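# Secondary and tertiary structure notes
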Amino acid sequence: MRVVIQRVSKAQVTIEQERSEHIAQGILVLLGIEMADGDADVDWLVNKVLNLRIFDDEAGVMNKSLLDIKGELMVVSQFTLMAATKKGNRPSYIRAANHQHAVPLYESFVKKAQALLETRVATGSFGAMMKVSLDNDGPVTAGHSHNNFRRNVCFTQGDEAH
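Here the structure is a predicted model, which is why all the values come from computation and not from measurement. (Residues numbered from 1 in each chain as written. Predicted model: local features only at pLDDT ≥ 70, side-chain atom pairs only at ≥ 80, totals over all residues. Heavy atoms only, no water.)

## Some points on the pairing of strand 3 (residues 26-32)
With seven of its seven residues buried, strand 3 lies for the most part within the structure. Direction of pairing for strand 1 (residues 2-15) relative to strand 3: antiparallel, over a ladder of seven bridges. Following the sheet pairing, R7 is matched in strand 3 by I27. (Buried < 20%, exposed > 50% of the residue type's maximum accessible area, 1.4 Å probe, protein only. Helix = DSSP H or I, 4+ residues; strand = E, 2+ residues; numbered from the N terminus. Pairing = 2+ DSSP bridges.)

## A closer look at the side chain of S145
Within the secondary structure, S145 sits in strand 8 (residues 130-145). The exposure class of S145 is buried, given its relative accessible area of 14%.

## Observations regarding the confidence of the model for the protein chain
Averaged over every residue, the pLDDT of the protein chain is 87; the share at 70 or more is 90%. This model gives residues 148-162 a pLDDT under 50, and the stretch forms 14 contacts once residues within four places in sequence are excluded. (pLDDT = per-residue confidence, 0-100. Contact = heavy atoms within 4.5 Å.)

## Thoughts on the packing of aromatic side chains
Note on aromatic pairs: each is described by the distance of the centres and the angle between the planes. All told, the structure shown has two aromatic pairs when counted by the stated rule. Ring geometry for F79 and Y93: centres 5.1 Å apart, planes at 70 degrees, overall edge-to-face. With F79 in the loop between strand 6 (72-77) and helix 3 (99-117) and Y93 in the loop between strand 6 and helix 3, the pair connects residues that are 14 residues apart, well separated along the chain. Judged by its relative accessible area of 49%, F79 falls in the partly exposed class. (Phe/Tyr/Trp six-rings, centres within 6.5 Å; stacked < 30°, edge-to-face > 60°.)

## What about the packing of helix 1 (residues 39-51) against helix 3?
Where helix 1 contacts helix 3, the two axes come as close as 10 Å, and the packing angle between them is 40 degrees. Between helix 1 and helix 3, the interaxial angle falls into the category oblique. Taken as a pair, helix 1 and helix 3 cross one another with a handedness that is right-handed. Packed against helix 1, whose contacting residues are D39, V42, D43, L45, V46, V49 and L50, the element helix 3 presents L105, S108, F109, K112, A113, L116 and L117 at the interface. Its residues assigned to classes, the contact of helix 1 with helix 3 comprises ten nonpolar, one polar and three charged. (Axes fitted to C-alpha atoms, helices over the stretch in contact; angles between N-to-C directions. Parallel < 35°, antiparallel > 145°, perpendicular 65-115°, else oblique. Left-handed = near helix turned anticlockwise from the far one by under 90°. Nonpolar A, V, L, I, M, F, W, Y, C, P; charged D, E, K, R; others polar.)

## Points about the nonpolar core
Note on soluble globular proteins: their nonpolar side chains tend to be buried together. Ranked by size, the top nonpolar core spans 28 residues in total, and within it I27, V29, L31, L73, V75 and F109 carry the most contacts. Those elements giving two or more residues to this core turn out to be strand 1, strand 3, helix 1, strand 6 and helix 3. With seven residues, the single largest contributor to this core is helix 3. When sequence neighbours within four positions are dropped, the list of residues in contact with L73 reads I23, I27, V29, V49, L50, L66, A113, L117, V121 and A122. With 13 residues, the next largest nonpolar core counts V8, M74, V76 and M130 among its residues. (Core = buried A, V, L, I, M, F, W, Y, C linked by side-chain atoms within 4.5 Å.)

Next up, the structure:
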């Protein structure tokens, strides 16, 4: 799983040129899911997103989380985050999860975030053509990968990835 986290003063996603969702101050998450991902990845990344201290405190220091400021959250699926670009000039999306695997994990991410935030989470529509607009506040942007979680859990000294 990969996420791109953007601190926003506002964001909007328009889905298939029909309906749109929007948020005020908070975080826009672009979420990519691969076949190796599971519930543990969802739990770890939801916790990371909601507790990441990227909002200013009273002294102007990034010391507050989305939970602290009671901000809003938007989650948009983006399989292109799983692009492999090492060889050639055309990205490969072979690592991106198929719908059967990805949709339940995407929905779980949204549901768990919503439960912890105690508010509605704005979303895109999985697999739909979307247009995302945002006012990146700062700008502050961070990327996190499930590999952060797996390396901490699955590696011991001298081991390879499992």
